[in-house]
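# Analysis of the macromolecular model
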Amino acid sequence: MTGPMFWAASRLLLPGTTTTTTTTTTTNNNNNNNNNNNNTTTIPNVMYTITNVAMQRSLAFNATQSNYSCATVRWRIQDVGVSSVTLATEMGEPLRWRFLGHIGGRVWVAGFGGDSFTWRLTGVGNETYTIRSNVMDDFRNTHLALDQTGMVLLQDSPDSDHAMWIIPGLA
């Protein structure tokens with residue numbers, strides 16, 4: 001395959017393990033016995049780590065300084081439209097699920113905030129992606145990056161390793 005590959009989730013990625021049970025009843029007319037067949041489907045937990053290529057640090061936020069990368073966090077990647085995804089992390093009580101996005105010139109995690117909280121992932125090979133916001137920030141930047149100090153920000157181009165992210169297992 002040549003050129004960039006746009007990634008969109010092929011399934012809904014939810015936290016935890018979801019179990020769905022369906023029951024079907026069949027009737028045997030010869031002896032009027034009902035047979036119940038239970039089928040259980042388990043959907044495994046699908047969460048991802050997102051690691052910056054240049055800094056080898058995970059994309060992470062905490063509740064007190066939400067614009068710094070600090071600890072390893074797992075992300076839920078959910079398809080929300082044509083080539084668009086949300087990136088969400090579970091931050092515990094009372095915050096619960098928070099979405100990665102930007103308002104003005106600042107990247108942070110918050111309750112969903114519209115189009116500036118949606119992203120496009122472009123595969124560049126070897127489980128490496130650029131993560132581009134669907135909306136420009138106040139400085140016309142769209143590419144998620146990590147600077148030398150570990151601050152998460154948007155930059156104008158995906159051309160440096162600071163704007164490249166490894167997402168193992170994402171297919």
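Everything below is about the structure printed above this text.
One structure accompanies this document, and this report is about it. Since we're looking at a predicted model, the values are computed, not measured.

### As for the overall build of the protein chain
Assigned secondary structure in the protein chain consists of zero helices and 14 strands. Sequence-ordered secondary structure for the protein chain, helices as α and strands as β, is β-β-β-β-β-β-β-β-β-β-β-β-β-β. For the protein chain, buried positions account for 39% of its 171 residues. Across the protein chain, every contact between residues at least 6 apart in sequence was considered, and the portion connecting residues at least 24 apart equals 50%. Total accessible area computed for the protein chain in this model is approximately 9500 Å², and 48% of it derives from carbon and sulfur atoms.

### Thoughts on the pairing of strand β6 (residues 74-81)
For a regular strand, side-chain orientation follows a simple rule: the groups alternate between the two sheet faces. Two strands pair when backbone bridges link them, and strand β4 (residues 48-49) and β6 are joined in this way by two bridges, in the antiparallel orientation. Across the sheet, Thr-49 pairs through a bridge with Arg-74, a residue of β6. Relative to strand β7 (residues 84-90), β6 runs antiparallel, the two being bridged by five bridges. Opposite Gln-78, over in β7, you have Thr-86 as the bridge partner. What sits between the antiparallel neighbours β6 and β7 is a turn of two residues, in which Ser-83 has the positive phi angle 60 degrees.

### Re the pattern of salt bridges
This model, assessed by the stated rule, comprises one salt bridge. The residue Arg-96 makes a salt bridge to Glu-90 at a minimum N-O spacing of 3.2 Å. By relative accessible area, Arg-96 is classed as partly exposed at 40%. Exposure remark for Glu-90: the relative accessible area of 32% places this residue in the partly exposed category.

### Thoughts on the nonpolar core
In terms of nonpolar packing, the biggest core is built from 25 residues, with Leu-59, Trp-75, Leu-87, Leu-100 and Leu-144 touching the most fellow members. Listing elements by their share of this core, those giving two or more residues are β6, β7, β9 (106-110), β10 (119-125), β11 (128-133), β12 (143-146) and β13 (152-155). Within the second largest apolar cluster, five residues are counted, among which are Met-47, Trp-97, Phe-99 and Phe-117.

### Some details on the packing of aromatic side chains
Summed over all chains, the structure comprises two aromatic pairs. Ring geometry for Phe-99 and Phe-112: centres 5.5 Å apart, planes at 80 degrees, overall edge-to-face. Of this pair, Phe-99 sits in strand β8 (residues 97-103) while Phe-112 sits in the loop between β9 and β10, and the two are 13 residues apart along the sequence. The aromatic ring of Trp-97 is capped on one face by Arg-76, whose charged end is 4.2 Å from the ring centroid.

### Some details on the pairing of β9
Alternating positions in β9 separate cleanly, Val-107 and Val-109 being buried on one face and Arg-106, Trp-108 and Ala-110 remaining unburied on the opposite face. Here five bridges tie β8 to β9, and the two strands are oriented antiparallel to one another. From the neighbouring strand, Phe-99 faces β9, where its bridge partner is Ala-110. Hairpin connection, β8 to β9: the antiparallel pair is bridged by two residues, and Gly-104 has positive phi, about 65 degrees.

Calculation notes
Residues numbered from 1 in each chain as written. Predicted model: local features only at pLDDT ≥ 70, side-chain atom pairs only at ≥ 80, totals over all residues. Heavy atoms only, no water. Helix = DSSP H or I, 4+ residues; strand = E, 2+ residues; numbered from the N terminus. Buried < 20%, exposed > 50% of the residue type's maximum accessible area, 1.4 Å probe, protein only. Contact = heavy atoms within 4.5 Å. Areas by Shrake-Rupley, 256 points an atom, 1.4 Å probe, with all protein chains shown as cover. Pairing = 2+ DSSP bridges. Salt bridge = Lys/Arg side-chain N within 4 Å of Asp/Glu carboxyl O. Core = buried A, V, L, I, M, F, W, Y, C linked by side-chain atoms within 4.5 Å. Phe/Tyr/Trp six-rings, centres within 6.5 Å; stacked < 30°, edge-to-face > 60°. Lys NZ or Arg CZ within 6 Å of the ring centre and 35° of its normal.

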